[in-house]
Amino acid sequence: MAVPPNTDAAFLREVDEELRRDQLAKAWRSYGIVAIAVLVLAVLGFGGWQIWRAQQLSAAGEQGETLSKAYEDIGGAHPEAAQGKLTTLAGSSVEGYRALALMSQADILLQKQDLRGAATKFSQVATDASIGQPFRDLALIRQTTAEFDTLKPEVVIGRLRGIAVKGNPWFGSAGELVAISYLRMNRRDLAGTLFGQIARDPDMSETMRQRAVQMAGVLGVDAVIEAKDQKSK
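Rules and cut-offs
- Residues numbered from 1 in each chain as written.
- Predicted model: local features only at pLDDT ≥ 70, side-chain atom pairs only at ≥ 80, totals over all residues.
- Heavy atoms only, no water.
- Salt bridge = Lys/Arg side-chain N within 4 Å of Asp/Glu carboxyl O.
- Helix = DSSP H or I, 4+ residues; strand = E, 2+ residues; numbered from the N terminus.
- Buried < 20%, exposed > 50% of the residue type's maximum accessible area, 1.4 Å probe, protein only.
- Core = buried A, V, L, I, M, F, W, Y, C linked by side-chain atoms within 4.5 Å.
- Contact = heavy atoms within 4.5 Å.
- Axes fitted to C-alpha atoms, helices over the stretch in contact; angles between N-to-C directions.
- Parallel < 35°, antiparallel > 145°, perpendicular 65-115°, else oblique.
- Left-handed = near helix turned anticlockwise from the far one by under 90°.
- Expected span 1.5 Å × (residues − 1).
- Phe/Tyr/Trp six-rings, centres within 6.5 Å; stacked < 30°, edge-to-face > 60°.
- Lys NZ or Arg CZ within 6 Å of the ring centre and 35° of its normal.
- Lys, Arg positive; Asp, Glu negative; His and termini not counted.

Undergrad: Looking at this model, I keep getting lost on the pattern of salt bridges. Mind explaining?
TA: Opposite charge on two side chains lets them pair, provided their charged atoms get close. Within this structure, the stated rule accounts for six salt bridges. Its salt-bridge partner being Arg159, residue Glu147 comes within 2.8 Å of it at the nearest N-O pair. Here the residue Glu147 occupies a position in helix 5 (residues 133-147), and Arg159 occupies one in helix 6 (residues 153-160), the gap between them amounting to 12 residues. For Arg159, a relative accessible area of 26% translates into the label partly exposed. When the shortest N-O distance is used, the salt bridge between Glu176 and Arg211 registers 2.7 Å. On the criterion of sequence distance, the pair formed by Glu176 in helix 7 (residues 171-184) and Arg211 in helix 9 (residues 206-218) is long-range, its members being 35 residues apart.

Undergrad: Please clarify how the nonpolar core should be interpreted in this entry.
TA: Counting 46 residues, the largest nonpolar core has Leu86, Val125, Leu160 and Val178 as its most contacted members. Considering each element in turn, this core owes the most residues, seven residues, to helix 3 (residues 95-111). Setting aside residues no more than four positions away along its own chain, Val178 makes contact with Ile157, Leu160, Arg161, Ala164 and Leu194.

Undergrad: Would you mind showing me how to read the packing of helix 3 against helix 4 (residues 115-126) here?
TA: Helix-helix packing is described using two parameters, namely the angle between the two axes and the distance between the axes. Two elements in contact, helix 3 and helix 4, have axes separated by 8 Å at closest approach and are oriented at 165°. Classified by the interaxial angle, the pair formed by helix 3 and helix 4 is roughly antiparallel. Along this stretch, helix 3 crosses helix 4, giving a crossing that reads as left-handed. Contacts between helix 3 and helix 4 involve Ala99, Leu102, Met103, Gln105, Ala106, Asp107, Leu109 and Leu110 on the former and, on the latter, Leu115, Gly117, Ala118, Lys121, Phe122, Gln124 and Val125.

Undergrad: Any chance you could explain helix 7 here in plain terms?
TA: Residues lying three or four places apart along an α-helix face the same way, a consequence of the helix completing one turn every 3.6 residues. Between its terminal C-alpha atoms helix 7 stretches 20 Å, which fits the 20 Å expected from 14 residues at 1.5 Å a residue. For helix 7, a buried count of 10 out of 14 residues is recorded, marking the element as mostly surrounded by other parts of the structure. When we look at burial in helix 7, the residues that qualify are Phe171, Gly172, Ala174, Gly175, Glu176, Leu177, Val178, Ala179, Ser181 and Tyr182. Next to the buried residues of helix 7 lie helix 5, helix 6, helix 8 (188-199) and helix 9. In the segment just after helix 7, Asn186 is the residue with positive phi, at about 65°.

Undergrad: Whenever I open this one, the packing of aromatic side chains confuses me. Can you help?
TA: The geometry of an aromatic ring pair is captured by two quantities: the separation of the ring centres and the angle between the planes. By the definition in use, this model includes zero aromatic pairs. The side chain of Arg184 reaches across the aromatic face of Phe148, ending 4.9 Å from its centre.

Undergrad: Could you clarify how one ought to interpret helix 3 in this entry?
TA: With 17 residues, helix 3 extends 25 Å between its outermost C-alpha atoms, agreeing within 8% with the 24 Å of an ideal straight helix rising 1.5 Å per residue. For helix 3, the set of buried residues is Arg98, Ala99, Ala101, Leu102, Met103, Ser104, Gln105, Ala106, Ile108 and Leu109. Following helix 3 by one or two positions, Gln113 has its phi on the positive side, about 65°.

Undergrad: Is there a simple way to think about the packing of helix 7 against helix 9 in this case?
TA: Close contact between helix 7 and helix 9 brings their axes to 11 Å; oriented N to C, the two are set at 20°. Relative to helix 9, helix 7 is oriented roughly parallel. Classified by chirality, the crossing of helix 9 by helix 7 is left-handed. Taking contact as the criterion, the partners of Gly172, Ser173, Glu176 and Leu183 in helix 7 are, on helix 9, Met208, Arg211 and Met215.

Undergrad: Help me understand the side chain of Asp137, please; the structure alone is not making it clear to me.
TA: Secondary-structure assignment places Asp137 in helix 5. Here Asp137 is buried and forms no salt bridge, its nearest opposite-charge partner Arg136 lying at an N-O distance of 6.5 Å. Apart from residues lying up to four places away in sequence, Asp137 is in contact with Ile163, Asn168 and Trp170.

Structural measurements only, silent on function.
Shown next, in the form of C-alpha cells:
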C-alpha cells in the first residue's frame, strides 16, 4: 500500500516560500528604489565633482593669465591698466592669486606714496587665515614697514617678535624692524644682540649682514670676526 505524501509538510514549504517571495518583493519596493537613487546620486556626485574640478582648473588657468597680463602692465609702466585686473583677482577663491593680487595692489599704492592704502592691502593678506603662513608673515612685515613711522615701538615688537627669530624665512627683515624699535625704546643691549644674530646668520644676504655688522658694532657688539668665521664655514 502506497504511503501518501506528507501534505502538511509540503503545504508549509509552499507557504514559507510564498512568504519569502512576499518579503523580497516588499523589501525591493521599500529599499530598491532608495538603492537606485543612492547609486544615481553617487554617480551624479562624482560626475559633478569632475565637472567642478575641471571648472576650477580652467578658472585657475584664466586667473594665472590675467595676473601675468597685470604684471606686464606694471612692467610697462601702466599701473592703472593693471589695477582693473588686480581688483578682479583680489576677490579670487584661489588663495595664491588673491594674495598676489592684493600684494601687487599694495606695491602700486606704495609707488604713489599712499602708505595707509598700501598697509590696508597688506593687512588683508596678513589676516587671511586661508593663506599660507610664510606669505602672511611677509605681508605683516610689509604692512608694518608702511606704518612704521606711525607705530609705537612696542607695537612693532609685539607684531614681529615671533617672526624675528633665527630659522624663520623673514628673520632678517623682521629682525631689523624689531632691533630699530628697541633702539627707539633706548634698549641698546637688545638691539645690539639682535643685530649681532642677523650678522652671524649665514642665510642672510651679504648686504643685510654687512648692515647688521655695522649696527652691531655701533652698539658695542663685535660681530665682524664672528661673521667672517661663520662665512668661512
